Amino acid sequence: MGQAGQTAPPEQSTVPFTVPSFAGEVSDAVVKVLDSGWVTTGPQTAAFEQDFADYLGAAHVVAVASCTTALELCLRAMDLPPGSAVLTPSLTFCGAINAILHAGHHPVLVDVDAGTLVPGPAEVAAAAARRAPAAMVVQNQGGYPVDVAALAEAAGLDRTRVIEDAAHGPGAARDGTPVGASSYAACFSFYATKNMPIGEGGAVATSDQEFADRIRATRLHGMSKDSWRRYLPGGSWRYDVKNLGLKANMTDIQASIGRAQLTALPEWQRRRAELVARYDEALSGLPGLVLPQRDLDGVQHAWHLYQVLVPDRDAIIAELEAAGVSTSVHFIPASHMTAYREILGEEECGAVPVTDRVAEELLSLPLYPGLSSDGQDRVVSALAGALRARG
Ligand SMILES: *Cc1c(COP(=O)(O)O)cnc(C)c1O
């Protein structure tokens, strides 16, 4: 709303890489929690867990502070011997590698298929042959739901030793089963840029009641009863600590935002799919551009990212930025980062050649429900100009 005497802001001259959407009901929901006198983990968190479980079709959901802590809590709850080998794509977010290391284990890097940008069974089997894994983290890169059963088989692992990094996963499904619906351990993110933003937050979806109970205790120090339950009528001040936990709980303020956001998510997913169809049509046939090949047979993509491969990537990013179009890259591989090169060693970091190659060409274009068709047209014409100038 403009104030008297104030001139209209200049027309926004850039297309941001991402802008979080918030449902209209969010403000009222937050104020209600503030007025209720209970702001940390409590009734809203329990209600959000039920709402998100219903959305996914999952048996149990435990809300936590982030996807990164969700991954660490799941690894800890699996009680693997210290220093166990855990398979992970190198082409992933650093937090997912940190979770393995902080849980006391050893990441073993898996290469990706150049077409789908995720490890396929062949890449998983090759990594498992280098070092026999005790567990594996798989990732739904960009919102593409990987075939968890096929990857588990390729790794020689039971499904109870596979953790899904589903940070990009809400809204994705394979053969009609939503990501997280039948998982032993699927970890979601509600970080500001993700498909269902809260700002910060995460969740574990699991088919196993006992696993859910462990995560529920270890998200809050390992206390046998969280403070909300201790203050309920009939609650007691006593608690025990049976397994060491983290401080990784979700607050009721976050949970109330999440509940409001969930009501808008299906519409946002519809808009993402619409924008993707427009990109596919407008970008097809541009010189040098590779649209990642996606086997969409029986697959519902969550469209968290629109990733393409381009030649001369760094220069194109700078040209797009100069034209007012912000982009990003997902991801700088773990094998290129200083800390992991030191911890894992040069040989291990050299074991993912396809990742090394695509890492130089990856480009993520703006994709979010609030992106207007005009904004998207600007992205397309800036990218088309940069590519045509290179022939
Ligand atoms: C964002 C992201 C995470 C981390 O999520 P947080 O909720 O910020 O901890 C983990 N894995 C992938 C693939 C991500 O994109």
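Here, the structure is the one placed above.
These remarks concern the structure in this document. Residue positions are counted from 1 within each chain, in the order its sequence is given. Since the coordinates come from a predicted model, pLDDT governs what is reported: local features require at least 70, and pairs of side-chain atoms require 80 or more to be given and counted, while whole-chain, interface and lining totals use all residues. Side-chain measures were taken over the full set of non-hydrogen atoms in the model, leaving aside hydrogen atoms and water.

### Topic: the pattern of salt bridges
(1) Moving on: We define a salt bridge as a contact between a side-chain nitrogen of Lys or Arg and a carboxyl oxygen of Asp or Glu at a distance within 4 Å. Per the counting criterion, the structure on display carries 14 salt bridges.
(2) Moving on: For Arg-214, the salt bridge is made with Asp-79, and the minimal N-O distance between the two is 3.5 Å. Placement of the pair is Arg-214 in helix α7 (residues 209-218) and Asp-79 in the loop between α3 (67-77) and β2 (85-89), with a sequence separation of 135 residues.
(3) Moving on: Across the pair Glu-346 and Arg-341 runs a salt bridge whose closest N-O atoms are separated by 2.4 Å.
(4) Moving on: Throughout, exposure labels follow a simple rule: accessible area from a 1.4 Å probe, protein chains only, divided by the maximum for the residue type, with under 20% read as buried, over 50% as exposed, and the rest as partly exposed. Arg-341 gets classed as partly exposed once you look at its relative accessible area, which sits at 27%.
(5) Moving on: Connected through salt bridges with shared partners, the residues Glu-267, Arg-270, Arg-271 and Glu-274 form a single ionic network. In DSSP terms, a helix is any run of H or I states spanning at least four residues, a strand is any run of E spanning at least two, and both are numbered starting from the N terminus.

### As for the state of the cysteines
(1) Moving on: In this description, the term disulfide denotes a pair of cysteine sulfurs within 2.5 Å. Taken as a whole and judged by the stated rule, the model has zero disulfides.
(2) Moving on: Cys-187 supplies the cysteine sulfur nearest to Cys-67, a cysteine that is in no disulfide, at a spacing of 5.5 Å.
(3) Moving on: On the basis of relative accessible area, Cys-67 is assigned to the buried category, the value being 7%.
(4) Moving on: The cysteine Cys-74 is free of any disulfide, with Cys-187 supplying the nearest cysteine sulfur at 3.7 Å.

### Quick word on empty space enclosed by the protein
(1) Moving on: Throughout, the protein atoms alone are placed on a 1 Å grid, and a set of points is a cavity if a 1.4 Å probe fits but cannot get out or a pocket if it is open with protein on both sides within 12 Å along at least five of seven lines; lining residues have an atom within 4 Å of a point. Grid points are joined across faces, edges and corners, and a volume is the space filled by probe spheres set on the points. Counting across every chain of the model gives four cavities of 30 Å³ or more.
(2) Moving on: Roughly 140 Å³ of volume is contained in the largest cavity.
(3) Moving on: Looking at the largest cavity, it is lined by 13 residues, and the ones nearest its centre are Gln-141, Pro-292, Arg-294, His-301 and Gln-307.
(4) Moving on: Three classes are used: nonpolar for Ala, Val, Leu, Ile, Met, Phe, Trp, Tyr, Cys and Pro, charged for Asp, Glu, Lys and Arg, and polar for all others, with Gly counted as polar. Grouping the constituent residues of the lining of the largest cavity by class yields six nonpolar, six polar and one charged.
(5) Moving on: Taken as a whole, the second largest cavity holds about 60 Å³ of empty space.
(6) Moving on: Around the second largest cavity, the lining residues are Leu-87, Thr-88, Pro-89, Val-110, Pro-119, Val-124, Met-136, Val-137, Val-138, Gln-139, Val-146 and Leu-151.

### A look at the sheet that holds strand β10 (residues 299-300)
By definition, the strands of a sheet pair up through backbone hydrogen bonds, in either a parallel or an antiparallel sense.
(1) Moving on: Read across the sheet, three strands follow the order β7-β6-β10 without closing on themselves; strand pairing throughout is antiparallel. Only two strands of the sheet have a single neighbouring strand rather than two, namely β7 (177-178) and β10.
(2) Moving on: At least two DSSP bridges between two strands are required for those strands to pair. For strand β6 (residues 173-174) and β10, the ladder comprises two bridges, and the chain directions are antiparallel. In the strand pairing of β10, Ala-173 is matched with Gln-300.

### A word on helix α2 (residues 43-56)
(1) Moving on: The end-to-end C-alpha distance of α2, which contains 14 residues, comes to 20 Å, matching closely the 20 Å that a straight helix rising 1.5 Å per residue would cover.
(2) Moving on: For α2, every residue scored as buried is listed here: Thr-45, Ala-47, Phe-48, Glu-49, Phe-52, Ala-53 and Leu-56.
(3) Moving on: In this structure, the buried residues of α2 make contact with β1 (60-64), β7, β8 (186-189), β9 (202-206), α7 and α9 (252-283).
(4) Moving on: In the stretch just after α2, Gly-57 is the one whose phi turns positive, near 80°. The span one expects for a helix is its residue count, reduced by one, times 1.5 Å. By the convention used here, residues are in contact when the closest approach between their heavy atoms is within 4.5 Å.

### With respect to the site of the ligand
(1) Moving on: Note on terminology: near, applied to a residue and a molecule or strand, indicates that one of the residue's heavy atoms is within 4 Å of it. The ligand sits among 13 residues. The nearest are Thr-68, Asp-165, His-168, Ser-189 and Lys-194.
(2) Moving on: We define a polar contact as two N or O atoms separated by no more than 3.5 Å, with the added condition that, inside protein, one atom must be a possible hydrogen donor and the other a possible acceptor, whereas residues neighbouring each other in sequence contribute only through side-chain atom pairs. Contact between the ligand and Asp-165: a nitrogen atom at 2.7 Å from a side-chain N or O atom of the residue.
(3) Moving on: Ser-189 has a polar side-chain atom sitting 2.7 Å from an oxygen atom of the ligand.
(4) Moving on: The cavity where the ligand resides is the largest pocket.
(5) Moving on: A breakdown of the residues in the shell around the ligand according to their chemical character gives five nonpolar, six polar and two charged. A molecule is said to be in a cavity or pocket once over half of its atoms fall within 2 Å of that pocket's grid points.

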